[in-house]
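This is what each chain is made of:
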Amino acid sequence: MDTSRARLRRLLASVAVPVCSLLLATGCSDAGPGTDRGSGSAREGDPARAAVPRAASDLQADYERVIKDVLPSVVQIQAGDSLGSGVVYDDRGHIVTNAHVVGDGKSFRVTTARAEGSLTAKLVSSYPEQDLAVIKLDKVPDGMKAARFGDSGKVEVGQIVLAMGSPLGLSSSVTQGIVSATGRTVTEGSSGGGTGATIANMVQTSAAINPGNSGGALVNLDGRVIGIPTLAATDPGLGDSAAPGIGFAIPASMVTTVAGQIVKDGKVTDSGRAALGITARTVVDDSYRPAGVAVVEVSDGGPADDAGLRPGDVVVGLGGTDITTITSLSEALASMRPGDRTKVTYTRDGDEHTAEVTLGEQ
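Residues numbered from 1 in each chain as written. Predicted model: local features only at pLDDT ≥ 70, side-chain atom pairs only at ≥ 80, totals over all residues. Heavy atoms only, no water.

**Student:** Can you help me understand empty space enclosed by the protein in this one?
**Tutor:** In this approach a probe as big as a water molecule rolls over the atoms, and the regions it shows empty are the leftover space. Applying the stated rule across the entire model yields 2 cavities of 30 Å³ or more. Around the largest cavity, the lining residues are Val74, Val75, Gln76, Thr111, Thr112, Ala113, Gly165, Ser166, Ser171 and Ser172. In terms of residue count, the dominant contributor to the lining of the largest cavity is strand 1 (residues 74-79) (3 residues). Residue composition of the lining of the largest cavity, by class: 3 nonpolar, 7 polar and no charged. Of the voids in this model, the second largest cavity is the one considered here, and its volume is about 40 Å³. Forming the walls of the second largest cavity are Asp69, Val70, Ser73, Lys145, Ala146, Ala147, Arg148 and Gly223. (1 Å grid on protein atoms, 1.4 Å probe; cavity = no way out; pocket = protein on both sides within 12 Å on 5 of 7 lines; lining within 4 Å. Points joined across faces, edges and corners; volume = space filled by probe spheres on them. Helix = DSSP H or I, 4+ residues; strand = E, 2+ residues; numbered from the N terminus. Nonpolar A, V, L, I, M, F, W, Y, C, P; charged D, E, K, R; others polar.)

Okay, structure coming up:
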């Protein structure tokens, strides 16, 4: 019996180690059940137990290093009565942010992590289709540091990330989480200041994304920006309030592609976004359920025009995807590239037709 109790005590002691390692910041003791705290001799030399606080200390040091390195490159942007965040793109004062942060504004107030007062900035260009924009400081302060952007292709699920920005106006705030998923296609609401953009390949994260985080930085533990936090999922069951732990960031590859073109040319010259070349609207069936996308206007010489579509046709399929709404059409196109050849299915006068189409650029 004594032997069994001793074995049980040893088992409980080993189970307590990782639990305490998660609670070190709150003062959890590393003493497990059956350990004589007064003697200080039974377990002090145990390498496994010593490794736990070392690992926690190393992780905390990584957090502190990344925050110290990156946070000075994350700014708060005031656009009229609205507040958002931005990331310093280069040493010339260009700052990349979300298009919905700048809205219709042309001039802004920018507060850096180290500045006592605010700086003035002007819009370079906004690209609502990808919900990205670039503004430029009128005067670049000494010591302003550009962020380093990472490789979106190397982002992995489970990777630890930090979200930096100004949630609810609280500048230089940091939250932490993991990459929950990659390759998400998300359509942003157009109400509440959103652009209504459909954005492909977004990074999903559990790091808290709150109003004001938009345009900030999602950063890995190498200190590289892997995305621009843009929106949080909403839960219709909670009155369309934000769903905790489900946020989305535009991948760094798209951020640098768009921002690089705006900085160089003053506008986006190559969006990489596929288009059919139509103006359209969602239509419903006799049961008032979405049933397709009605073509309102066809661009002359565009992909749809070349494929033989005309106003009044109803698009019901693109490639292997059923099309029932404008959103589903946008999401299907977001997964494709200009120049891709695919099939478009549509109805005309009650009859279904299929045509080959070579996608253009939005």
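Continuing now.
**Student:** How should the nonpolar core be read in this particular structure?
**Tutor:** Note that soluble globular proteins tend to have their nonpolar side chains buried in a common cluster. Counting 35 residues, the largest nonpolar core has Val87, Val96, Phe149 and Met164 as its most contacted members. Taken together, the elements giving at least two residues each to this core come down to helix 2 (47-70), strand 6 (132-137), strand 7 (160-165), strand 9 (198-205), strand 10 (217-220), strand 11 (225-235), strand 12 (241-251) and helix 4 (252-265). If one sorts the elements of this core by residue count, helix 4 sits on top with 6 residues. Every residue in contact with methionine 164, bar those within four places of it in the chain, is listed here: Val66, Ile67, Val70, Leu71, Val74, Ser173, Val174, Asn213, Gly216, Ala217 and Val219. (Core = buried A, V, L, I, M, F, W, Y, C linked by side-chain atoms within 4.5 Å. Buried < 20%, exposed > 50% of the residue type's maximum accessible area, 1.4 Å probe, protein only. Contact = heavy atoms within 4.5 Å.)

**Student:** It is not clear to me how the environment of histidine 353 should be interpreted in this structure. Could you clarify?
**Tutor:** Note on placement: histidine 353 falls in strand 19 (residues 351-358). It is 9.8 Å that separates the C-alpha atoms of histidine 353 and valine 316, two residues lying 37 residues apart in sequence. In this structure histidine 353 touches Val344, Thr345, Tyr346 and Arg348, once residues within four positions along its chain are discounted.

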